[in-house]
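Per-entry structural report
These are the residues of each chain, in order.
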Amino acid sequence: MITNSELYERGQHTIPGAVNSPVRSFRSVGGVPYFVDRGAGSRVWDVEGTEYIDYVQSYGASILGHANPKVVAAIEVAARNGSTFGAPTLNEILLAEALVERVPGLESVRLVSSGTEATMSAIRLARGATGRNVLVKFAGNYHGHSDALLAEAGSGVAAGVLVGESAPDSAGVTPGAVADTIVAPYNVVPTLDDSVAVVIVEPVAANMGLVPPVPGFLEGLRAECDRVGALLMFDEVITGFRLGRGGATQWSGVAADLWSFGKVIGGGLPVGAFGASTEIMSHLAPLGDVYQAGTLSGNPLATAAGITVLTEMTEADHESLSAKAKTLADGLTAAFESAGMAVRVPRVGPLVGLFFGGGEDPVDFDAAAESVALARYPEFFHEMLERGIAFAPGPYEVFFTSMAHSDADLEHTVGAAHEVANKMAG
Ligand SMILES: *Cc1c(COP(=O)(O)O)cnc(C)c1O
């Protein structure tokens, strides 16, 4: 039998760190990553045959769980008919319509192949449409790995998988590339001026643990953008079609001007999208002078999977997903409480975070980092993993339940958390 250690060793000869995305490495928790052999529903099995209840779910890309039969069938049909053409297809329109129909204010979208591409292209569009240069982002928000957005980013960047310690930025990003990027603390409305093209925000921050917007933050951003004529962009790569049918826009009641999507909308295949009003999107080539393109954009397999997932997820399903997350969050809270350990377990709908330490729930990156600095997450992670529960191997990620997580899965998880909390407290 092949082992995780063997693959980890072998992979490093041809792949940096043996991973194709740094958040998959165990750099911030220590140890050897498990190599997944297959997944089904809430479960993954590694190459050694070990079974895990999976709360990574491809960082939120799999909302129905792994290898959902309807998604698999849709992909099979699409694959038999040809996987990419370089010409438009019906499914691209169907996916675009599904997105536009669900998000209030969204009128037109362009499909791309990742969340990074979506945010990067949307920023270019915002600058092209406004004729302004400056972009404002918030510390601890992650918007993919394009140069201009790699400033005080969350997720793997914050976790220090870059250079071992906490690295605010990436080598190879020139000062020029971030010269027009201004970073502000999350949950404080910055004062803008008329040099600002766009303010990009995770409407519910989910890449520095889970940090909800404080009351008035998103409304304040809307008003401040309107005051100076800047565009407000919601990066809904995580929140889109997960927080609810209409994502964070419906959830918050605040209308953005620009949106980016990813993860859920590809049904586990590579898709991203960005969109806005018809007027703003008319600046995009071939209609306008902002260029953006992609050989595999709107890929037939990916659009087939994405449409299937969006069609499957009813309002009732979204409620059910939030109920599962509540069971998990309440169970984790109870586990640590009964062990006498101070933690905060924030939850927004289906999104759950975990911060070690007492006090208030973090409202910004500094507070989140303070909790991470207690360095309790690696032990929690490994103890849970040993009990067959897979959370993300980084302290700044959130826990993703899927529709496939059963009551028994959640009960088992909470039971394990009680054991782990007692062990950690003792
Ligand atoms: C994951 C993520 C991205 C980047 O998407 P990729 O598909 O990994 O390129 C962008 N923004 C947010 C909020 C994300 O969570």
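Everything that follows concerns the structure shown earlier in this document.
Remember, predicted model here, so these are calculated numbers, not experimental data. (Residues numbered from 1 in each chain as written. Predicted model: local features only at pLDDT ≥ 70, side-chain atom pairs only at ≥ 80, totals over all residues. Heavy atoms only, no water.)

The next thing to look at is helix α14 (residues 407-425). The end-to-end C-alpha distance of α14 is 27 Å, a good match for the 27 Å that 19 residues give at a rise of 1.5 Å each. Every buried residue belonging to α14 is among Asp409, Leu410, Thr413, Val414, Ala416, Ala417, Val420, Ala421 and Met424, and all of these are buried. For α14, the angular spread of buried residues about the axis comes to 165°, placing them on one side. Exposed residues lying more than 90 degrees from the buried face of α14 are Asp407, Ala408 and Glu411. Its buried side turned inward, α14 meets β2 (43-46), β3 (51-54), α11 (315-339), β14 (355-356), α13 (377-386) and β15 (389-390). (Helix = DSSP H or I, 4+ residues; strand = E, 2+ residues; numbered from the N terminus. Expected span 1.5 Å × (residues − 1). Buried < 20%, exposed > 50% of the residue type's maximum accessible area, 1.4 Å probe, protein only. Arc of directions from axis to C-beta. Contact = heavy atoms within 4.5 Å.)

Turning to the packing of α13 against α14, a few remarks are in order. Between α13 and α14, whose axes approach to 10 Å, the crossing angle comes to 135°. With respect to α14, the axis of α13 lies oblique. Where α13 crosses over α14, the two elements pack in a sense that is right-handed. The segment α13 lies against α14, with Glu379, Phe380, Glu383 and Met384 engaging Thr413, Ala416, Ala417, Val420, Lys423 and Met424. Taken together, the residues that form the contact of α13 with α14 break down as six nonpolar, one polar and three charged. (Axes fitted to C-alpha atoms, helices over the stretch in contact; angles between N-to-C directions. Parallel < 35°, antiparallel > 145°, perpendicular 65-115°, else oblique. Left-handed = near helix turned anticlockwise from the far one by under 90°. Nonpolar A, V, L, I, M, F, W, Y, C, P; charged D, E, K, R; others polar.)

As a further point, take the layout of surface pockets. What the second largest pocket holds in volume is close to 500 Å³. If you trace the second largest pocket, you find 22 residues lining it, with Pro88, Glu92, Leu111, Ser297 and Gly298 closest to the centre. Only α4 (90-102) and β4 (108-112) provide two or more residues apiece to the lining of the second largest pocket. In terms of residues, the lining of the second largest pocket owes the most to one element, α4, which gives four residues. (1 Å grid on protein atoms, 1.4 Å probe; cavity = no way out; pocket = protein on both sides within 12 Å on 5 of 7 lines; lining within 4 Å. Points joined across faces, edges and corners; volume = space filled by probe spheres on them.)

Just geometry here; none of it tells us what the structure is for.
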